[in-house]
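Residues per chain, in single letters:
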Amino acid sequence: MKLFRHGAVGAERPGALDAQGQMRDLSLLIADFTPEWMAPAKLDALKAIDLTRLPLVAVGTRLGTPLAGTRQFVAIGLNYRKHAQESGMDIPSEPVVFNKALTCLCGPNDDIRMPEGSVAMDWEVELGFVIGSLARRVSQDQALAHVAGYCLSNDVSERDWQIKRNGQWTKGKSFDTFGPIGPWLVTSDELPDPQNIPLQLAVNGQTRQSSSTADMIFPVAQIVSYLSQFMTLLPGDVVITGTPEGVGLGMKPPQFLKRGDVVTLQAGPLGTQTQRVV
Ligand code: ZN
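Residues numbered from 1 in each chain as written. Predicted model: local features only at pLDDT ≥ 70, side-chain atom pairs only at ≥ 80, totals over all residues. Heavy atoms only, no water.

A. Focus on the pattern of salt bridges. For the structure on display, the rule yields 17 salt bridges. Put simply, Arg-24 and Asp-18 hold a salt bridge, and the shortest N to O gap is 2.8 Å. The same class applies to Arg-24 and to Asp-18, which are both buried. Put simply, Lys-173 and Asp-155 hold a salt bridge, and the shortest N to O gap is 3.0 Å. Residue Lys-173 is located in helix H5 (residues 170-173), and its partner Asp-155 is located in the loop between strand E9 (147-154) and strand E10 (157-158); the two are separated by 18 residues in the primary sequence. Residues Lys-173 and Asp-155 agree in their burial class; the two are buried. Several salt bridges converge on common partners, so that one network encompasses Lys-100, Asp-122, Glu-124, Asp-155, Arg-159 and Lys-173. (Salt bridge = Lys/Arg side-chain N within 4 Å of Asp/Glu carboxyl O. Buried < 20%, exposed > 50% of the residue type's maximum accessible area, 1.4 Å probe, protein only. Helix = DSSP H or I, 4+ residues; strand = E, 2+ residues; numbered from the N terminus.)

B. Just the packing of aromatic side chains, in detail. Throughout the structure, instances matching the rule amount to 4 aromatic pairs. Ring centres of Trp-161 and Phe-175 lie 6.0 Å apart, and the angle between their planes is 75°; on these two criteria the pair is classed as edge-to-face. Taken together, the residues Trp-161 in helix H4 (residues 159-163) and Phe-175 in the loop between H5 and strand E11 (179-180) connect sequence positions 14 residues apart. According to the relative accessible area criterion, Trp-161 is partly exposed, its value standing at 31%. Clustering of aromatic rings is evident, with ring pairs tying together Trp-161, Phe-175 and Phe-178. One residue, Lys-42, lies across the ring of Trp-37, its end atom 4.3 Å from the ring centre. The residue whose ring lies beneath Arg-165 is Trp-161, and the NZ or CZ to ring-centre distance is 3.7 Å. (Phe/Tyr/Trp six-rings, centres within 6.5 Å; stacked < 30°, edge-to-face > 60°. Lys NZ or Arg CZ within 6 Å of the ring centre and 35° of its normal.)

C. Fine view of empty space enclosed by the protein. On inspection of all chains with the given rule, the structure shows 1 cavity of 30 Å³ or more. When its volume is computed, the largest cavity comes out at roughly 110 Å³. Around the largest cavity, the lining is made up of 18 residues, and of these Leu-78, His-83, Glu-124, Gln-162 and Trp-169 lie nearest the centre. Of all the secondary structure elements, the ones that give two or more residues to the lining of the largest cavity are strand E4 (73-77) and H4. No other element matches the 3 residues that H4 contributes to the lining of the largest cavity. Split into classes, the residues belonging to the lining of the largest cavity amount to 7 nonpolar, 6 polar and 5 charged. (1 Å grid on protein atoms, 1.4 Å probe; cavity = no way out; pocket = protein on both sides within 12 Å on 5 of 7 lines; lining within 4 Å. Points joined across faces, edges and corners; volume = space filled by probe spheres on them. Nonpolar A, V, L, I, M, F, W, Y, C, P; charged D, E, K, R; others polar.)

D. Spatial organisation of helix H6 (residues 220-230). For H6, every residue scored as buried is listed here: Val-220, Ala-221, Ile-223, Val-224, Ser-225, Leu-227 and Ser-228. Taken together, the buried residues of H6 touch E4, strand E5 (96-99), strand E8 (125-131), helix H3 (140-143), E9 and strand E15 (238-240). (Contact = heavy atoms within 4.5 Å.)

E. Looking closely at the layout of surface pockets. Of the voids in this model, the largest pocket is the one considered here, and its volume is about 150 Å³. Around the largest pocket, the lining comprises 13 residues; the ones closest to its centre are Arg-5, Glu-12, Thr-65, Leu-67 and Leu-105. For the lining of the largest pocket, the class distribution of residues is 5 nonpolar, 5 polar and 3 charged.

F. Inspection of the sheet that holds strand E14 (residues 206-212) at higher detail. One open sheet holds the 4 strands; their spatial order is E14-E13-E16-E17, and the pairing between them is antiparallel. In this open sheet, the two edge strands, each paired with only one partner strand, are E14 and strand E17 (272-276). Each adjacent strand pair in this sheet contributes to an overall mean axis angle of 10°, direction not counted. (Pairing = 2+ DSSP bridges. Axes fitted to C-alpha atoms, helices over the stretch in contact; angles between N-to-C directions.)

G. Up close: the pairing of E9. Burial of E9 is extensive: 8 of the 8 residues sit out of reach of the surface. Of the pairings in the sheet, the one linking E8 to E9 comprises 7 bridges and is antiparallel in character. Bridge assignment links Val-125 to a residue of E9, and that residue is Asn-154. Looking at chain direction, E9 and strand E12 (residues 185-187) are connected through 2 bridges and run antiparallel. Across the sheet, residue Gly-149 finds its bridge partner in E12, namely Thr-187.

Structure follows, in structure tokens:
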């Protein structure tokens with residue numbers, strides 16, 4: 001299934017795409033896609049619904065994050081070799097992990113807001129996934145069973161706060177609107193292999209990133225297993241898995257976002273995002 005949430009900020013309602021790709025409103029049946037709806041049995045219950053009997057959502061309606069109530073937002077850094085090289089960093093021997101503030105999560109097509117005084121706002125197209133069932137010290141073999149589904153994400157970054165302000169990337173990754181996810185969550189049953197998804201990003205129509213999750217250093221199963229060795233992953237947690245080469249920081253000379261720029265992202269079955277920098 002492809003699950004989404006539609007409506008104004010803070011008043012989103014759940015929906016799903018029907019077999020024809022039309023947006024259907026689920027709010028008559030379900031209050032919201034809270035973490036408990038990410039459990040395998042709950043997703044199976046959603047699959048049993050005849051979507052064609054539900055109201056259509058008007059084309060052009062704003063989309064929010066595809067789920068509500070996320071409690072942890074975790075990101076992986078330097079998970080593509082060429083991106084590590086363009087960033088001037090070593091290829092990591094174990095996953096690089098950092099947190100993004102929950103308050104940066106936003107809808108896939110919301111405006112992204114340049115922080116006050118920022119001169120180094122950058123883009124990062126990434127595969128995201130959502131945890132479906134509690135994961136604590138799980139093996140790689142069992143890891144994907146804990147994933148409810150996948151979504152497209154932009155790990156918007158402010159490089160000066162990330163790199164020049166001492167330690168901790170979290171600073172440059174957490175501003176409001178720095179976490180667009182969606183347009184929808186593709187449930188795992190529709191995407192059994194997360195390591196073959198195209199990832200593309202363009203700024204003002206010019207392609208900046210074009211790669212595939214096939215090039216990830218640490219695949220999703222390894223990331224879930226690794227994280228679960230030192231933290232408990234909860235249903236509804238969002239993890240984004242690193243960006244391929246082609247970020248503004250890696251350009252010679254570096255080129256960052258300006259007000260009015262339009263960023264577009266594509267990831268095959270995960271859909272598209274469009275954001276305007278304001
Ligand atoms: Zn990233």
